[in-house]
Every structure is written in structure tokens, then in C-alpha cells.
Amino acid sequence: MTQSILNKSTLRLVFDNGIDESGKAVFKTKSYSNVDPVSTADQFQATAAAIATLSSLPLSSVERSDTSIIN
């Protein structure tokens, strides 16, 4: 039977960087790798909120990217 093993997680913060000349929203991202793969969504949100306080830009969203090994 095939198994999927969670290998790596990445935390990505998306910041609102204003509006460009054509009226489109501009976003700036910052990614943090080597995050503990067993971290919960609440832990990701709390970490993102703490990091966002260090930025002058408002936090727009928090994203999680997981990588798994399939064998």
C-alpha cells in the first residue's frame, strides 16, 4: 500500500503593498522554510501574527505549503 509521509512545511506571509498605477492590488511575500511539519493551523496563525508585527505592511493572508514523500 502506498504511503504519504509529510516531509516539509513552509510558512508564507502575504503582505498588502498597496495599489499599482492600473489599480491592481500589489502583494509582497515572505517565506519561512524548515517549519515543523506537525505544526497546527493555529500555531501557523500565531507565528504569522507575531512576525507581522515586525513589518510596516499589513498582513493580507497566511499560507502553508506542505511537501510529502510518497512511497
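Predicted, not measured: the structure shown is a model, and the values here were computed from it.

Turning next to the overall build of the protein chain. Scanning the protein chain for helices and strands turns up one helix and three strands. Start at the N end of the protein chain and walk to the C end: the helices and strands fall as β-β-α-β. At 15 Å, the protein chain has a C-alpha radius of gyration far larger than the 11 Å of a compact globule built from 71 residues. Across its three principal directions, the C-alpha atoms of the protein chain cover 55 × 25 × 15 Å. Within the structure as shown, the protein chain displays about 5,200 Å² of accessible surface, and the carbon and sulfur contribution to it stands at 52%. Side chains of the protein chain give 6 positive and 7 negative charges; the mean places of these two sets differ by 6 Å.

Next up on the list: the pairing of strand β2 (residues 25-35). In the sheet, strand β1 (residues 4-19) pairs with β2 via eight bridges, with the strands oriented antiparallel. Following the sheet pairing, L11 is matched in β2 by Y32. Between the end of β1 and the start of β2, which pair antiparallel, lie five residues, with G23 showing a positive phi angle near 90 degrees.

In this section: the sheet that holds β2. Backbone hydrogen bonds are what pair the strands of a sheet, in a parallel or an antiparallel way. Spatially, the three strands line up as an open sheet ordered β2-β1-β3, and their pairing is antiparallel. Single-partner strands in this sheet number two, and they are β2 and β3 (59-70). Shown here is a sheet whose adjacent strand axes are inclined to one another by a mean of 25 degrees, direction ignored. On the sheet, helix α1 (residues 41-52) packs against β1, β2 and β3 and is oriented at approximately 35 degrees with respect to β1.

The positions UniProt marks with the feature "domain: DUF1659" (unreviewed entry) are residues 2-70. Between the end C-alpha atoms of residues 2-70 the distance is 7 Å, and the span holds 17% helix and 57% strand.

We now examine the side chain of S39. Position of S39 among the secondary structure elements: in the loop between β2 and α1. Here the side chain of S39 touches D36 through a polar contact of 2.8 Å, landing on its backbone oxygen. The residues touching S39, leaving out its near neighbours within four places in the chain, are F44 and R64.

The next point concerns the packing of aromatic side chains. Scanning all chains against the criterion turns up zero aromatic pairs. Between the NZ or CZ atom of K30 and the centre of the ring of Y32, over which it lies, the distance is 5.6 Å.

Conventions we followed
- Residues numbered from 1 in each chain as written.
- Predicted model: local features only at pLDDT ≥ 70, side-chain atom pairs only at ≥ 80, totals over all residues.
- Heavy atoms only, no water.
- Helix = DSSP H or I, 4+ residues; strand = E, 2+ residues; numbered from the N terminus.
- Rg over C-alpha atoms; globule rule 2.2 N^0.38 Å.
- Areas by Shrake-Rupley, 256 points an atom, 1.4 Å probe, with all protein chains shown as cover.
- Lys, Arg positive; Asp, Glu negative; His and termini not counted.
- Charge placed at Lys NZ, Arg CZ, Asp CG, Glu CD.
- Pairing = 2+ DSSP bridges.
- Axes fitted to C-alpha atoms, helices over the stretch in contact; angles between N-to-C directions.
- Contact = heavy atoms within 4.5 Å.
- UniProt positions renumbered as here; feature names shortened; annotations may be inferred.
- Polar contact = N/O pair within 3.5 Å; in protein donor to acceptor, adjacent residues only side chain to side chain.
- Phe/Tyr/Trp six-rings, centres within 6.5 Å; stacked < 30°, edge-to-face > 60°.
- Lys NZ or Arg CZ within 6 Å of the ring centre and 35° of its normal.

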